[in-house]
There are 2 protein chains.
Amino acid sequence: ATGADNDLHINQAVVFIEDAIQYRSINHRVDSKSLWLYRWYYSRICQWILGLTITVILALAFVETPSSLTVTSDVRYRHPPWDPPCGLTESIELLCFLVFVFDVSVKSYLIGWEEFCKTKWLMAYILTLVVSLTDWIVSLSFLCTETVRIRRILRPFFLLQNSSMMKKTLKSINSTLPEMASVVLLLAVHLSLFTMFAMLLFARTKDGQQDKEWVGYFRNLPDSLTSLLVLLTTANNPDVMIPAYSKNRAYSIFFILFTVLGNLFLMNLLTAIIYNQFRGYLLKSVQSSLFRRRVGIRAAFEVLCPLEETPANAQELCVSVGDLFQVLQKVEMDPRCKQAIIRSLKTSSCDRLSAAQFQKLFEELDKDAIKQHPPSPEYQSHFMQKLQFVFSHSYFGCLGNVVALANIISICVVLVMDADKRPSERDDFFLGAINCFFILYYLLETLLKILAMGFKRYWSYPSNRFDGLLTGILLILEISTFAVYGFPHPGWRPELMGLLSLWDMVRLVNMLIVFRFLRIIPNMKLMALVVTTLLDLVKNLRAFAGILVVVFYAFAITGIMLFKGAVVPMGNIRIFVPGHPLHQEAVLISKKKKCDFLAFLNHFQTIFIYHLCYLLSFNLICRWAKIYFIAWWLISSVIWVNLFVALLLENFIHKWDRHCHRESLSDIEYQRTVELMFRDVLEEPTEEELMERLHQHPHLHLCR
Amino acid sequence: ATGADNDLHINQAVVFIEDAIQYRSINHRVDSKSLWLYRWYYSRICQWILGLTITVILALAFVETPSSLTVTSDVRYRHPPWDPPCGLTESIELLCFLVFVFDVSVKSYLIGWEEFCKTKWLMAYILTLVVSLTDWIVSLSFLCTETVRIRRILRPFFLLQNSSMMKKTLKSINSTLPEMASVVLLLAVHLSLFTMFAMLLFARTKDGQQDKEWVGYFRNLPDSLTSLLVLLTTANNPDVMIPAYSKNRAYSIFFILFTVLGNLFLMNLLTAIIYNQFRGYLLKSVQSSLFRRRVGIRAAFEVLCPLEETPANAQELCVSVGDLFQVLQKVEMDPRCKQAIIRSLKTSSCDRLSAAQFQKLFEELDKDAIKQHPPSPEYQSHFMQKLQFVFSHSYFGCLGNVVALANIISICVVLVMDADKRPSERDDFFLGAINCFFILYYLLETLLKILAMGFKRYWSYPSNRFDGLLTGILLILEISTFAVYGFPHPGWRPELMGLLSLWDMVRLVNMLIVFRFLRIIPNMKLMALVVTTLLDLVKNLRAFAGILVVVFYAFAITGIMLFKGAVVPMGNIRIFVPGHPLHQEAVLISKKKKCDFLAFLNHFQTIFIYHLCYLLSFNLICRWAKIYFIAWWLISSVIWVNLFVALLLENFIHKWDRHCHRESLSDIEYQRTVELMFRDVLEEPTEEELMERLHQHPHLHLCR
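- Identification of chain A as Two pore channel protein 2 from Nothoprocta pentlandii is taken from an unreviewed UniProt entry.

Structure representation (structure tokens):
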């Protein structure tokens, strides 16, 4: 083996170990130059630029022509938004596209032609880029006056393809679709049969007084379908049945049957099906990550090996410790892990490592970091020691909580008393004085705690950081209030001076005090468990949130394109008559708008569209809008919420089991990740599986 | 052993085996007379009388004075309901109470004093009876004019205590309460903190135009709390945020945070907690049933034993086959099981049975009945055989489904065309002619199928029974239509002749045809799975439904008592201004009224109460009503729905797993019960456990 060969192998090992750390696939080119390119491509700066580009191209929608952000959302009052000149957003777009073109070509080169053909995501990436660039050229040649911009709807794809977690999640969702489809089909059958029943039951009668039900909800097929679909979301329950019910109580049986079957059984069945499919999802994904890590480590071992060994005694492959040191110097990884590995390498006696030893060495990566809080300072004086004992005792924390509660209650009392007063009648003296006192107490508490625990130990607890930061902000606000408005005195009137009025300042202080009250959470055991579950969930849900953003973005852009120009300020006509079909639509829309960020852009537009449709009988637009909103409801409300519930169940049940098993490790805080949560149940891949995977590598050709 | 002793032991064995069959506890008196009383008490007629009494006393609420049923629910139109004279319902009540007194005394006597002291349910039963009887005496002494009748609220207790399944379920729910309470507490903290934030954010401003949010939703503390509580049910989303949102888009962050945290996280966490608690619930209850059965069988073995054996060779206890025959003659059980046991007893060679053999003999009880369909008739003629082949082929069934679909579509088309026509313009000729043709086809199909399969085989399939019955009813309706209105001809006008108008007849026929279309369900595999899951769920949910009825009943009675007399017909004033707090209340009520049977009685009342409160500013009543409805929402909507979801998940996941394991046993229909669903995972109790339980028996004193 020559020196260059040796260098190459060292470099390969470095890259493979980095792959293992990041859970990346090792199926890429392994020659010298490609390795350099690979490391450069996955360097922090490059990935950061890529992320920034994706953010920029997604954020463009907020400033582009049809949907510029304004402070108010009401079309009647809002100022004409800023209209960027033609070419400005387009040139930013072009820059982004160029980055993406560069990205896709580097990626394709690195995995090689053979792998490229297998990777549908890369091909879709190229296709998206081609379509986007074509659309961009068309757009410029029309001088930005064209109406349809396909490339906007395609934008979220760039976000999707950049995250392997999201791609995996999408695959999982995809495999659940057949069963979901069967339930949705059942739901459709349920809906259509009941619609026919309803149309037969609530037909028009001779007596005009008697057929309110027909007039209001079941006038024709689309009306009936809509009424019952809205009933499935429970938005018009029980309004929809009141006319029939007040004619004859027995009619309620129809609606109860429909609601129980549809809402209680079928909708929840969807939850059950999705949960059943996703039960193993987290475990499976963690298992495959583990496999990738083990393969990466093993690959590093294999490339380091042949330098030293003759093929004769191939059963006892070994790696020299010196080579490994060289590799470790070059690898970019968590310094804590690196030190731990080097330490255990130095303490081991032998200077050659077998595959098992090599693997074991890197198990440090899987371990969770046990956070050690710095020690408290040791005071000499007896008095100081006593002080330290008193103020680091848990009762002192409890006292702080009680004081915070008292503060909250006092604010609440003042709020209740002042609720109906006009701003000019308000006197902020009482609240100002109380808050001044409480904030002084908070400051004292913080200082005493720092004195008792030492600043480093104090700061190492997240709850203290939260506390200290808020206290600091409160102090600054209070001091600046006093600087501008003087000390509180009776008749301390809220009048505008400077940036914020006194009243606003006081409100801000109060809000921060209410927020600070959250510090009590870790003190209540069950609540703490629930809150940590929620926090974990947020970590594990990033992939889902990403997909949600993709769906929201696509829907918002589609909505903007479909309904652009349909909204005209119309004065004050915005009152919908309850019971009118239009009102139902509005309610339906409301239901579908749950947790909807970007699509808020559309909210007022849609209400106006419905009003417009009503006035002008534009049945066609209305129907399109209806289909758009039903699709939106199905995807965002029904499917996504159920996915969320499934994941929450999965997470919570695991967490709860662990909580019951190990009672209290209160002082040691684990960095909980999804990998660690499942560590007990994960299976280690066997030697054969690892080697089989290595032999399938398209670029690395092992002699054995 | 004398003959009387022998008889006693035989009788004991009979009762123990019957206990085992019914999964009853064996802890009751075992002397001769008590056994006779015990068998008589648990005879079908006695239990039936008890059930009838419970039904009667619960049904009394429908005819008693404050809530008599009327056809219409609208107070403005309804006739004064029938007012039973004082003493009529009361004497029926007294009869019921006497039955209950008899029931409780027999029960207490049978289990004996020692057990009675341990049974809190029985003591509560006695207490309830004493309170009810006292209340009854008070009621009569006031000549039925007293306002408060406590005994009405206590009535559902009689239903509760009569079902062991419901008592068990209640115990399970009870054990989940601490965790539920922690989440509800978290929810309360969430709500109160956000309420304070909201009151600070949306305070009254100087500009009257700007504080629509304050006027509409956050005027004072109760208003703000209500607004956010209603937002938690999503009923006023996004109305509640529109005023603030149209002032500044950033306000939406507050509402989105509140909804995501409260509705998405905390509410679903409740589901997760309840599911986690109930995961093992079904299994555990089935396991304890199995234990009771094994104990009963073992007890029967033990009482039959000592007749024959000397204590010397006690290791090899045996029962003579002759005694067992005697016992089996007397036991009341499923004839199929009895025959199977007698058959296997006859075929076995030995005439003495060991404990294991005895136990094994009775395992027949645990087996599911495999339903054998009778064979098709065998025809001699070649032509008939061919006919038989054609009409029993599955394609013929498919053709039937296609024809049914065609019928549905034709009805749908006519409905769409006729939707807007006035009754006088309608011409039923087309629909009449089409339906006549289709019903003839259905008749033909039924007859041909009976010809091909023979009547017995045809009738043994549930789908055929469904089909045949509906076809018969359709035929009768059609014939009677023709008899009254003649054959369809153009201008076949719907005019009233006889009981139902032609139009009503046609509608009824159409509804039945739509209903008949459900026969397609078993033909679609996934749909069939889903539907059988739902049907199973209904079976397993009886205990939950019972508890729900208890809760509904108690709430309805309380509501009637609280709000009696508050409702006065007020002409036409029933329109609520959207956005007004009153409207929110109405919407909140609507949300809470989901799937609510008896409490429909209250619906109009509450709307009127709110209206009344509004007009007269009866703040006190309104607040009570609010608390009542919030309690109702929490129990019926939040807790019960989550319990339901938990059980559905449990059931469905088990079912799905089984479905995936065994692919198709299409021809054999199992009688699926919850016991059989878990048979694979149940643990058999050990000999020691059984004997320990037997030795704890308060009345049976085994020599060993």
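## Description of the overall build of chain A
So, step 1. In terms of helices and strands, chain A carries 29 helices and four strands.
So, step 2. Scored against the burial criterion, the 704 residues of chain A give a buried share of 52%.
So, step 3. Taking the intrachain contacts of chain A between residues at least 6 apart in sequence as the baseline, contacts between residues at least 24 apart amount to 76%.
So, step 4. With the model as given, the accessible surface of chain A reaches about 33,600 Å², and the carbon-plus-sulfur share is 66%.

## Remarks on unusual backbone geometry
So, step 1. Its identity as a non-glycine residue notwithstanding, Tyr23 of chain A has a phi of 60°, on the positive side.
So, step 2. Looking at the element boundaries, Tyr23 of chain A is found in the loop between helix H1 (3-22) and helix H2 (32-41).

## Description of the confidence of the model for chain A
Residues and elements named next belong to chain A.
So, step 1. Within chain A, residue pLDDT values average 77, and 80% of them lie at 70 or more.
So, step 2. Mean pLDDT across the secondary structure elements of chain A bottoms out at helix H25 (residues 581-592), with 41, and peaks at helix H3 (residues 44-59), with 93.
So, step 3. In this model, residues 567-619 is a region of pLDDT below 50 whose contacts with residues beyond four sequence positions or in other chains number 113 contacts.
So, step 4. Segment residues 663-671: pLDDT under 50, and 19 contacts once partners within four positions in sequence are set aside and those in other chains are kept.
So, step 5. Under the prediction, the complex receives an ipTM of 0.79, its pTM being 0.78.

## Observations concerning the packing of helix H17 (residues 382-391) of chain B against helix H19 (residues 429-453) of chain B
Residues and elements named next belong to chain B.
So, step 1. Between H17 and H19, whose axes approach to 8 Å, the crossing angle comes to 120°. Relative to H19, the element H17 lies oblique. Between H17 and H19 the crossing geometry is left-handed. Residues Met384, Leu387, Gln388 and Phe391 of H17 touch H19, and the partners they reach there are Leu448, Lys449, Leu451 and Ala452.
So, step 2. The residue inventory of the contact of H17 with H19, partitioned by class, reads six nonpolar, one polar and one charged.

## Considering the packing of aromatic side chains
So, step 1. Counted according to the given criterion, the structure contains 56 aromatic pairs over all chains.
So, step 2. Above the plane of the ring of Tyr109 of chain A lies Arg29 of chain A, whose end atom (NZ or CZ) is 4.4 Å from the centre.
So, step 3. Cation over ring: Arg516 of chain B sits above Tyr442 of chain B, and NZ or CZ is 3.7 Å from the ring centre.

## Looking at a negative patch on the surface
So, step 1. A cluster of like negative charges, contributed by Glu683, Glu688, Glu689 and Glu692 of chain A, occupies part of the molecular surface.
So, step 2. In this fold, Glu692 of chain A is placed in helix H29 (residues 687-695).

## Points about the packing of helix H14 (residues 321-330) of chain B against helix H15 (residues 335-347) of chain B
Between two packed helices, both the angle of their axes relative to each other and the distance between the axes serve to describe the pair.
All names here are of chain B.
So, step 1. Where H14 meets H15, the axes come as close as 11 Å, and the angle between the chain directions of the two elements is 165°. The angle between H14 and H15 places the two elements in the roughly antiparallel class. Between H14 and H15 lies a crossing whose hand is left-handed. Residues Val321, Leu324, Phe325, Leu328 and Gln329 of H14 form the contact with H15, whose participating residues are Lys338, Ile341, Ile342, Leu345 and Lys346.
So, step 2. Of the residues assigned to the contact of H14 with H15, the class counts are seven nonpolar, one polar and two charged.

## Remarks on empty space enclosed by the protein
So, step 1. The tally for this structure, following the rule as stated, stands at 12 cavities of 30 Å³ or more.
So, step 2. Space inside the second largest cavity adds up to approximately 150 Å³.
So, step 3. As for the second largest cavity, its lining consists of 17 residues, of which Met199 and Ala203 of chain A together with Leu415, Asp418 and Trp503 of chain B are closest to the centre.
So, step 4. Those elements giving two or more residues to the lining of the second largest cavity turn out to be helix H8 (164-201) of chain A together with helix H18 (394-418) and helix H22 (502-516) of chain B.
So, step 5. Among the elements that make up the lining of the second largest cavity, the one with the highest residue count is H18 of chain B (three residues).
So, step 6. Looking at side-chain class alone, the lining of the second largest cavity contains 11 nonpolar, one polar and five charged residues.

## Observations concerning the environment of Thr195 of chain B
Residues and elements named next belong to chain B.
So, step 1. Relative to the assigned elements, Thr195 resides in helix H8 (residues 164-201).
So, step 2. Separated by 74 residues in sequence, Thr195 and Leu269 have C-alpha atoms that sit 21 Å apart.
So, step 3. A distance of 2.5 Å separates a polar atom in the side chain of Thr195 from the backbone oxygen of Leu191.

## Details of the pattern of salt bridges
Residue and element names in this part refer to chain A.
So, step 1. Evaluated as defined, the whole model comprises 30 salt bridges over all chains.
So, step 2. For Arg151, the salt bridge goes to Glu93, with nearest N and O atoms at 2.6 Å. Here Glu93 lies in helix H4 (residues 88-118) and Arg151 lies in helix H6 (residues 150-154), a separation of 58 residues in the sequence. Pair check on accessibility: Arg151 and Glu93 agree, each one buried.
So, step 3. Of the charged contacts in the structure, one is a salt bridge between Arg155 and Glu93, with a shortest N-O distance of 2.9 Å. With Arg155 in the loop between H6 and helix H7 (156-161) and Glu93 in helix H4, this residue pair connects regions lying 62 residues apart in the sequence. For the pair Arg155 and Glu93, one class covers both residues: buried.

## Points about the side chain of Arg519 of chain B
Residues and elements named next belong to chain B.
So, step 1. On the secondary structure map, Arg519 appears in the loop between H22 and helix H23 (525-540).
So, step 2. A relative accessible area of 9% means that Arg519 is categorised as buried.
So, step 3. Reaching out from Arg519, the side chain makes a polar contact with the side chain of Asp467 at a distance of 2.7 Å.

## Structural notes on a nonpolar patch on the surface
All names here are of chain A.
So, step 1. A cluster of nonpolar side chains, namely Ile45, Trp48, Ile49, Leu52, Val56, Phe62, Val63, Trp82, Leu88 and Ile92, defines an oily patch on the protein surface of about 910 Å² accessible area.
So, step 2. When residues of the nonpolar patch are traced back to their parent elements, those giving at least two are H3 and H4.
So, step 3. With five residues, H3 is the largest single contributor of residues to the nonpolar patch.

## Structural notes on the environment of Leu110 of chain B
Residue and element names in this part refer to chain B.
So, step 1. Within the secondary structure, Leu110 is located in helix H4 (residues 88-118).
So, step 2. A relative accessible area of 2% means that Leu110 is categorised as buried.
So, step 3. Sequence-wise, Leu110 and Phe202 are 92 residues apart; in three dimensions their C-alpha atoms are separated by 67 Å.
So, step 4. In this structure Leu110 touches His28, Arg29, Ser34, Leu37, Tyr38, Tyr41 and His699, once residues within four positions along its chain are discounted.

Here is what the cut-offs are and how they apply
- Residues numbered from 1 in each chain as written.
- Chains lettered and ligands numbered in written order.
- Predicted model: local features only at pLDDT ≥ 70, side-chain atom pairs only at ≥ 80, totals over all residues.
- Heavy atoms only, no water.
- Helix = DSSP H or I, 4+ residues; strand = E, 2+ residues; numbered from the N terminus.
- Buried < 20%, exposed > 50% of the residue type's maximum accessible area, 1.4 Å probe, protein only.
- Contact = heavy atoms within 4.5 Å.
- Areas by Shrake-Rupley, 256 points an atom, 1.4 Å probe, with all protein chains shown as cover.
- pLDDT = per-residue confidence, 0-100.
- Axes fitted to C-alpha atoms, helices over the stretch in contact; angles between N-to-C directions.
- Parallel < 35°, antiparallel > 145°, perpendicular 65-115°, else oblique.
- Left-handed = near helix turned anticlockwise from the far one by under 90°.
- Nonpolar A, V, L, I, M, F, W, Y, C, P; charged D, E, K, R; others polar.
- Phe/Tyr/Trp six-rings, centres within 6.5 Å; stacked < 30°, edge-to-face > 60°.
- Lys NZ or Arg CZ within 6 Å of the ring centre and 35° of its normal.
- Patch = residues over 30% accessible without salt bridge, like charges linked within 9 Å, V, L, I, M, F, W, Y side chains within 5 Å.
- Salt bridge = Lys/Arg side-chain N within 4 Å of Asp/Glu carboxyl O.
- Lys, Arg positive; Asp, Glu negative; His and termini not counted.
- Charge placed at Lys NZ, Arg CZ, Asp CG, Glu CD.
- 1 Å grid on protein atoms, 1.4 Å probe; cavity = no way out; pocket = protein on both sides within 12 Å on 5 of 7 lines; lining within 4 Å.
- Points joined across faces, edges and corners; volume = space filled by probe spheres on them.
- Polar contact = N/O pair within 3.5 Å; in protein donor to acceptor, adjacent residues only side chain to side chain.

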